[in-house]
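One letter stands for each residue in the lines below.
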Amino acid sequence: MLSSPFSPWRSVLTPETALNLANIHLENARKTTSPELTLALCNDAESALARIRTSARKTYVSSSRDEDRALCNEIATTYFELGKLLEGLGRRIKAQTCYKNEEKWGYVSDNNILC
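Predicted, not measured: the structure shown is a model, and the values here were computed from it. (Residues numbered from 1 in each chain as written. Predicted model: local features only at pLDDT ≥ 70, side-chain atom pairs only at ≥ 80, totals over all residues. Heavy atoms only, no water.)

Some words on helix α4 (residues 66-88)
For step 1, the next point in the chain: Here α4 contains 23 residues, and its C-alpha end-to-end distance of 33 Å stays within 8% of the 33 Å for a straight helix at 1.5 Å per residue.
For step 2, the next point in the chain: Directly beyond the C-terminal end of α4, a positive phi value near 80° is found at G90. (Helix = DSSP H or I, 4+ residues; strand = E, 2+ residues; numbered from the N terminus. Expected span 1.5 Å × (residues − 1).)

Here you go:
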């Protein structure tokens, strides 16, 4: 039996893979002029990030390794950018969810990102 190079839908992703996939969706969402397509791509980006296990998030957030802290910062930034796009589409509740997830990855409201 041949194995697929693609993960099954809703399978768990590593933080690195989820971040890369979310950023691809986010980049495409920024480029499109269709609000409906932008929203769909934002939903895909959010779904990709949601596929990171909670235990993995907690491990990375509590880590003192620079690489782990950098990854937390990138994920927090992606959630922030996603929230901004969703707010622009008038989806304030979904944007607030992104901002809450941003905080879970180490964002601090005074514009400092800590992991």
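Quick word on the environment of A95
For step 1, the next point in the chain: When you line up the elements, A95 lands in helix α5 (residues 92-104).
For step 2, the next point in the chain: Residues A95 and G83, spaced 12 residues apart in sequence, show a C-alpha to C-alpha distance of 4.1 Å.
For step 3, the next point in the chain: When sequence neighbours within four positions are dropped, the list of residues in contact with A95 reads G83, L86 and E87. (Contact = heavy atoms within 4.5 Å.)

A closer look at the packing of helix α1 (residues 15-31) against helix α2 (residues 35-50)
For step 1, the next point in the chain: Look at α1 against α2: their axes get within 8 Å of each other, and the N-to-C directions meet at 170°. Taken together, the axes of α1 and α2 lie roughly antiparallel to each other. Packed against α1, whose contacting residues are A18, L19, L21, A22, H25, L26, N28 and A29, the element α2 presents T38, L41, C42, D44, A45, A48 and L49 at the interface.
For step 2, the next point in the chain: Looking at the contact of α1 with α2 residue by residue, the class counts come to 11 nonpolar, 3 polar and 1 charged. (Axes fitted to C-alpha atoms, helices over the stretch in contact; angles between N-to-C directions. Parallel < 35°, antiparallel > 145°, perpendicular 65-115°, else oblique. Nonpolar A, V, L, I, M, F, W, Y, C, P; charged D, E, K, R; others polar.)

Thoughts on the side chain of T38
For step 1, the next point in the chain: By the element assignment, T38 lies in helix α2.
For step 2, the next point in the chain: Beyond its immediate sequence surroundings of up to four residues, T38 is in contact with A29, T32, L85 and L89.

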